[in-house]
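# Structural features, examined
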Amino acid sequence: MAASSIARSPVNPIVRHVICRASPSDHLSKTSLTIHGHYPKRCRHVPLLASLHGDTTRNNDRNAQALELQRVLDDFPYDVIPNDPTMLPTPLSSTQLSNSVSDGSRVRVAYQGVPGAYSESAAEKAYPNCEAVPCEQFDTAFEAVEKWLVDRAVLPIENSLGGSIHRNYDLLLRHRLHIVGEVKFAVRHCLLANHGVEVEDLKRVLSHPQALSQCEDTLSRLGLVKEAVDDTAGAAKHIASYKLKDAGAVASTTAAMIYGLNILAQDIQDDSDNVTRFLMLAREPIIPGIDRPFKTSIVFSLEEGPGVLFKALAVFALRQINLTKIESRPLRKQLLGASDDSNNGYFDYLFYVDFEASMADEKAQNALRHLKEFATYLRVLGSYPVDTSMI
Ligand SMILES: O=C(O)C(=O)C[C@]1(C(=O)O)C=C[C@@H](O)C=C1
C-alpha cells in the first residue's frame, strides 16, 4: 500500500493496522515506524493505529520510498513513535482490563499518594493483585505511564461530596493517555491521632483538600484548623513520624494501620454516601464494545455565541444519549497548539462531557460527527465500560 494512501484512506471506527513499504531512516531492513494516530484531524473521535514497516527492496527504491514517506509523515496529523515491528502496541480490549500483562507479570499501576491512600485501594479494586506504584503528584503518575515505567494509572476525577478534581481534567488534556475504565470507591474517613492523644488535645487536622472538604461539618464542629497536604495517607505518615500531639489526620483505616495511629472517630464524612470516581488510564485505548454498558468521555471547545452550548448538548439529546457529567475548564490555548492572540473579551472554555454510549454505537458516532460540524476542538478521551459495582 502506498504510504500516501494511508492518510487519506477511510477510517475504520475501531483500529486499523496499515502496512506500507518504506521507512524514513531505513538503513536496516527491519526498521519500522508505528504511527499511533489517536484522533485524525478529519475524524477525531476515531482511534486509529497504523504501522509502517521497512522493507528489503533495492536501495534506490528504498530511498525514494523513504523520501515519500517522510513527506507524508511531515503533514500527517499523528504522533510518530519509532518502534520495532514486534513491539507494535496492541489496543487493550474491554475484556483485557485484567490484572496481568501478557508476560504473566503483575500489572504495575501508578497512583498519587503514599501507601494507605484511597487511590491505592482504588488501584487495587480496578486491577486486583496489581503492583500499586506510589507517585508524588498526579503529573508523575501520567508521566510514569507515558514513559513505560508502569502499565496504567488510576486517578481520582470526581467525588460525590467534594465535586471535580480539576487538576486531573487539565492533565487529561495535556497528556495523551486514554481512559480505559472507571472505578468507583466508597471513601470512609477516620480522624486519626498518635496513641495517647485525645480529640480535646487536637488544634489542627491535616489531610488532602478533598478529604477536608468531605468532612467540613465534623471538622468545623470540632473547631480544628485545616491544613492541606498532598494526600490523606501522607498526612497520617507526617503526624506519626513527627509524633505530633496537637495534630490529627483525616485518612483511612488502612493508613491508621500502616502508620500505627489511633482511630479517634470513624465515618466522619458529611454524608455516609461518599464515593470517589477514579479513571483508569493507559497508553492505548480499548476497543469499544456493545456487549455491556459503556461510557464515553470527550472534551471540546466552541465558538462564543448565544445558544452554542445548548446546540452542542442537543446532539446527544436528539439521539436519546444520556449525559452523566459536564465540566467546564478555562481553555489554555497553548495546550491545543493554537495562537494566543485572539482576545475577544470573553473567557474561552473547554467542556468535558461523559455520556452513556459506546463509540462502537452508531448513534454515538453520529452525535460526535454532528458536534464536530461546529466544535472548534474535539477529542475523545476514552470509551470504556461503566463501573456498575456500586449501583
Ligand atoms: O489522599 C488520598 O488518599 C487520595 O487518594 C486522594 C483523594 C482525592 O484526590 O480525592 C481520593 C479520594 C478521596 O476523595 C480523597 C482524596
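Refer to the structure presented above.
The notes below deal with the structure included here. In this text the structure is predicted, and so the values were computed from the model without any measurement.

The subject of this paragraph is unusual backbone geometry. In this model, N129 sits at a positive phi of 70 degrees, which is unusual for a non-glycine residue. With respect to the helices and strands, the residue N129 is situated in the loop between α3 (118–126) and β6 (131–135). Even without being glycine, D267 reaches a positive phi, approximately 50 degrees. Relative to the helices and strands, D267 resides in the loop between β14 (262–266) and β15 (275–282). Judged by its relative accessible area of 36%, D267 falls in the partly exposed class.

One pass over the full model with this rule turns up 3 aromatic pairs. Pairing F300 with F351 gives two aromatic rings, centres 5.7 Å apart and planes at 35 degrees, and the pair type is tilted. With F300 in strand β17 (residues 294–302) and F351 in strand β19 (residues 349–355), the pair connects residues that are 51 residues apart, well separated along the chain. We note that F300, like F351, is buried. Note that R283 overlies the ring of W148, its terminal NZ or CZ placed 3.8 Å from the centroid. Across the ring face of F374, the terminal group of K311 is positioned such that the distance to the ring centre comes to 4.5 Å.

Spatially, the 5 strands line up as an open sheet ordered β12-β11-β13-β10-β14, and their pairing is mixed. Each having just a single partner strand, β12 (225–228) and β14 make up the two edges of the open sheet. Neighbour-to-neighbour, the strand axes of the sheet open up by a mean angle of 30 degrees, direction not taken into account. Of the pairings in the sheet, the one linking strand β11 (residues 204–207) to strand β13 (residues 247–251) comprises 3 bridges and is parallel in character. Among the inter-strand pairings, L206 is bridged to a residue of β13, identified as A249.

Before going further, it helps to spend a moment on helix α10 (residues 308–317). If you check which residues of α10 are buried, you get V308, A312, V315 and F316. Down the axis of α10, the smallest arc covering the buried residues is 105 degrees, so these residues share one side. Set apart from the buried face of α10 by more than 90 degrees, the exposed residues are F310 and A317. The inward-facing, buried residues of α10 abut β17, β18 (323–330), β19 and α11 (362–372).

Taken together, 13 residues sit near the ligand, with Y118, S119, Q214, T232 and T276 positioned nearest. Side-chain polar atom of Q214 to an oxygen atom of the ligand: 3.0 Å apart, as the coordinates give it. A total of 360 Å² of accessible area belongs to the ligand in isolation, and the protein chains cover 100% of it. Counting only elements with at least two residues in the shell around the ligand, the list comes to α3, β7 (152–159), α6 (209–214) and β15. Looking at the shell around the ligand residue by residue, the classes come out as 5 nonpolar, 7 polar and 1 charged.

Quick look at the environment of R277 now. By secondary structure assignment, the location of R277 is in strand β15. Classification of R277 as buried rests on a relative accessible area of 5%. A C-alpha to C-alpha distance of 6.2 Å links R277 and N159, two positions 118 residues apart in sequence. Residues in contact with R277, not counting those within four places in the same chain, are L155, P156, I157, E158, E182, V183, K184, K295, D354 and Y384. For R277, the side chain forms a polar contact with the side chain of D354, separated by 2.7 Å.

Thresholds applied
- Residues numbered from 1 in each chain as written.
- Predicted model: local features only at pLDDT ≥ 70, side-chain atom pairs only at ≥ 80, totals over all residues.
- Heavy atoms only, no water.
- Helix = DSSP H or I, 4+ residues; strand = E, 2+ residues; numbered from the N terminus.
- Buried < 20%, exposed > 50% of the residue type's maximum accessible area, 1.4 Å probe, protein only.
- Phe/Tyr/Trp six-rings, centres within 6.5 Å; stacked < 30°, edge-to-face > 60°.
- Lys NZ or Arg CZ within 6 Å of the ring centre and 35° of its normal.
- Pairing = 2+ DSSP bridges.
- Axes fitted to C-alpha atoms, helices over the stretch in contact; angles between N-to-C directions.
- Arc of directions from axis to C-beta.
- Contact = heavy atoms within 4.5 Å.
- Near = heavy atom within 4 Å.
- Polar contact = N/O pair within 3.5 Å; in protein donor to acceptor, adjacent residues only side chain to side chain.
- Areas by Shrake-Rupley, 256 points an atom, 1.4 Å probe, with all protein chains shown as cover.
- Nonpolar A, V, L, I, M, F, W, Y, C, P; charged D, E, K, R; others polar.

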